[in-house]
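# Summary of the model geometry
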Amino acid sequence: MVLTKQGVRVLGPADLDEFLALVERDPVVNVFVDHRARTTRLQPRWLGGEVWGHYDAGDLVAACHVAANLVPVNADAEAVRAFAAHAPQRIRSVSTIVGPQPAVDTFWSSVSPRWGTPREIRFAQPHLEIGDTPLVAPDPEVRRTTTADMDALYPACVAMYTEEVGVSPERGGGAELYRARVAQLVARGWSFARFDHRGRVVFKAEVACTSPYAAQVQGVWVAPEHRRAGLATAGMAAVVETVRAEIAPVVSLYVNEWNTGARLAYERVGFVETARFTTVMF
């Protein structure tokens, strides 16, 4: 790519402040890329990929995070088409395209002829936020997990991932890497769970990423035999309460449109829809 102040170019550490200013135009929706930028300083070796910027008359007006996850940032149709035109064949190594629905839909329609058939596309996923006290009482038995909980927590994480994504995270020898990721979240204080009297996980959730403005929650799961008992509602209220007090002022997540049970639980907690996402999974 030609380094220019017009069109598309790769961003680097010198562009960090300008990139963060762009992200902060919609800081909750953009929490994932905000987190990645702050933790990697836009160094390619830490990103495991690149961040592209789209310039107009010398101003950074849109961006695209291109690593394992491809995520458009504040990108209108013109910017998305420019990113798609600069997407070489090697970028097909991304595992997921995710972000605001209009941008992802436009990008996918542009690159799909050469990127092949995805494993699944999830359209119109509600993006939800809460920036206030939960509307229901938090579950007092939900707590941060510790390394001592790993033997019980890890199988629950595998079960959640497999149910949500459709394939096991341990497939292809991925168990060690996935266990390390779970352990990392525990060490950061980003993993929450409720255990029954036999030490089994009955509810869990994790913080996936954070910024000064928001924390995004992932991996919300209730053990099948305990579903429809209100554990998700009270459990998420507990997570929201702790996260807002100790990690970030706003809690966000996105959920599959068809998951009416989860959507109802989040609504009861006080989450409100602020956008729609699309996820393309390979």
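Residues numbered from 1 in each chain as written. Predicted model: local features only at pLDDT ≥ 70, side-chain atom pairs only at ≥ 80, totals over all residues. Heavy atoms only, no water.

## What to know about the overall build of the protein chain
- If you tally the helices and strands in the protein chain, you get 9 helices and 12 strands.
- Since a compact globule built from 282 residues should have a radius of gyration of about 19 Å, the 19 Å found for the protein chain is in line with a globular shape.
- Each principal axis of the C-alpha distribution contributes one length, and for the protein chain these read about 60 × 40 × 35 Å.
- Taken across its 282 residues, the protein chain has 51% of its residues classed as buried.
- Contacts spanning at least 24 positions in sequence make up 69% of the contacts within the protein chain whose residues lie at least 6 apart.
- With 29 positive and 31 negative side-chain charges, the protein chain shows a spacing of 5 Å between the two charge centroids. (Helix = DSSP H or I, 4+ residues; strand = E, 2+ residues; numbered from the N terminus. Rg over C-alpha atoms; globule rule 2.2 N^0.38 Å. Buried < 20%, exposed > 50% of the residue type's maximum accessible area, 1.4 Å probe, protein only. Contact = heavy atoms within 4.5 Å. Lys, Arg positive; Asp, Glu negative; His and termini not counted. Charge placed at Lys NZ, Arg CZ, Asp CG, Glu CD.)

## So, the packing of helix H6 (residues 150-165) against helix H7 (residues 175-188)
- The N-to-C vectors of H6 and H7 enclose an angle of 115°; their axes lie 10 Å apart at closest approach. One finds that H6 runs roughly perpendicular with respect to H7. Between H6 and H7 lies a crossing whose hand is right-handed. Facing H6, whose interface residues are Met150, Asp151, Leu153, Tyr154, Cys157, Val158, Met160 and Tyr161, H7 presents Ala175, Tyr178, Arg179, Val182, Ala183 and Val186.
- Residues of the contact of H6 with H7, tallied by class, amount to 12 nonpolar, no polar and 2 charged. (Axes fitted to C-alpha atoms, helices over the stretch in contact; angles between N-to-C directions. Parallel < 35°, antiparallel > 145°, perpendicular 65-115°, else oblique. Left-handed = near helix turned anticlockwise from the far one by under 90°. Nonpolar A, V, L, I, M, F, W, Y, C, P; charged D, E, K, R; others polar.)

## Description of the packing of helix H4 (residues 77-85) against helix H5 (residues 101-115)
- Following both chains from N to C, one finds H4 and H5 inclined at 30°, their axes separated by 9 Å at the closest point. Taken as axis vectors, H4 and H5 run roughly parallel relative to one another. Crossing geometry of H4 relative to H5 is assigned as right-handed. Here H4 contributes Ala77, Val80, Arg81, Phe83 and Ala84 to the contact with H5, which in turn contributes Ala103, Thr106, Phe107, Ser110, Val111 and Arg114.
- Here the contact of H4 with H5 is composed, by residue class, of 7 nonpolar, 2 polar and 2 charged.

## Some points on the pattern of salt bridges
- A complete count under the given rule lists 15 salt bridges for this structure.
- A salt bridge links Arg9 to Asp15; the nearest nitrogen and oxygen atoms lie 2.7 Å apart. Considered together, Arg9 and Asp15 belong to a single accessibility category, that of buried residues.
- For Arg276, the salt bridge is made with Glu273, and the minimal N-O distance between the two is 2.7 Å.
- By relative accessible area, which is 39% here, Glu273 ends up partly exposed.
- Shared partners join several salt bridges into a network, and the residues in it are Glu24, Asp34 and Arg38. (Salt bridge = Lys/Arg side-chain N within 4 Å of Asp/Glu carboxyl O.)

## Focus on the pairing of strand E9 (residues 201-210)
- With 10 of its 10 residues buried, E9 lies for the most part within the structure.
- Taken together, strand E8 (residues 191-195) and the strand that follows it, E9, pair antiparallel across an intervening segment of 5 residues, in which Gly199 is found at a positive phi of about 85°.
- Relative to strand E10 (residues 214-222), E9 is paired through 6 bridges, and the arrangement is antiparallel. For Lys204, the partnering residue across the bridge sits in E10 and is Trp221.
- Once E9 ends, the chain turns through 3 residues before running back antiparallel as E10. (Pairing = 2+ DSSP bridges.)

## What to know about helix H8 (residues 231-246)
- Relative to the 22 Å expected for 16 residues at 1.5 Å per residue, H8 spans 22 Å between its end C-alpha atoms, a close match to the ideal helical length.
- Listing the buried residues of H8 in full gives Leu231, Thr233, Gly235, Met236, Ala237, Ala238, Val239, Val240 and Val243.
- On the buried face of H8, the contacting elements are strand E6 (120-130), E8, E9, E10, strand E11 (250-254) and helix H9 (260-269). (Expected span 1.5 Å × (residues − 1).)

## Overview of the nonpolar core
- Of all hydrophobic cores here, the largest spans 28 residues; its most connected members are Met236, Val239, Leu253, Tyr266 and Phe271.
- Contributions of two or more residues to this core are made by E6, E9, E10, H8, E11 and H9.
- One finds Val8, Cys64, Val80 and Ala82 within the second-largest nonpolar core, a separate group that totals 23 residues. (Core = buried A, V, L, I, M, F, W, Y, C linked by side-chain atoms within 4.5 Å.)

## Examining a negative patch on the surface
- There is a patch of like negative charges on the surface, built from Asp56, Asp59, Asp76 and Glu78.
- Position of Asp59 relative to the elements: it lies in strand E3 (residues 59-66).
- Taking relative accessible area as the criterion, Asp59 reaches 48% and is therefore assigned partly exposed. (Patch = residues over 30% accessible without salt bridge, like charges linked within 9 Å, V, L, I, M, F, W, Y side chains within 5 Å. Areas by Shrake-Rupley, 256 points an atom, 1.4 Å probe, with all protein chains shown as cover.)

## Focus: helix H2 (residues 31-40)
- In terms of burial, H2 is a largely internal element, 7 of the 10 residues being buried.
- Within H2 the residues assigned to the buried category are Val31, Val33, Asp34, His35, Arg36, Ala37 and Thr40.

## Regarding the packing of aromatic side chains
- Tallying each qualifying case throughout the model produces 8 aromatic pairs.
- With a centroid separation of 6.3 Å and 40° between ring planes, the pair formed by Trp52 and Phe83 is classed as tilted. With Trp52 in strand E2 (residues 50-56) and Phe83 in helix H4, the pair connects residues that are 31 residues apart, well separated along the chain. Phe83 shares its class with Trp52; the two are buried.
- With a centroid separation of 5.7 Å and an interplanar angle of 65°, the aromatic rings of Tyr266 and Phe271 are classed as edge-to-face. The two residues Tyr266 and Phe271 agree in class, both being buried.
- Members of the aromatic cluster, each reached through a chain of ring pairs, are Phe107, Trp108, Trp115 and Phe282.
- Residue placement shows Arg179 over the ring face of Tyr154; its charged tip is 5.0 Å from the ring centre. (Phe/Tyr/Trp six-rings, centres within 6.5 Å; stacked < 30°, edge-to-face > 60°. Lys NZ or Arg CZ within 6 Å of the ring centre and 35° of its normal.)

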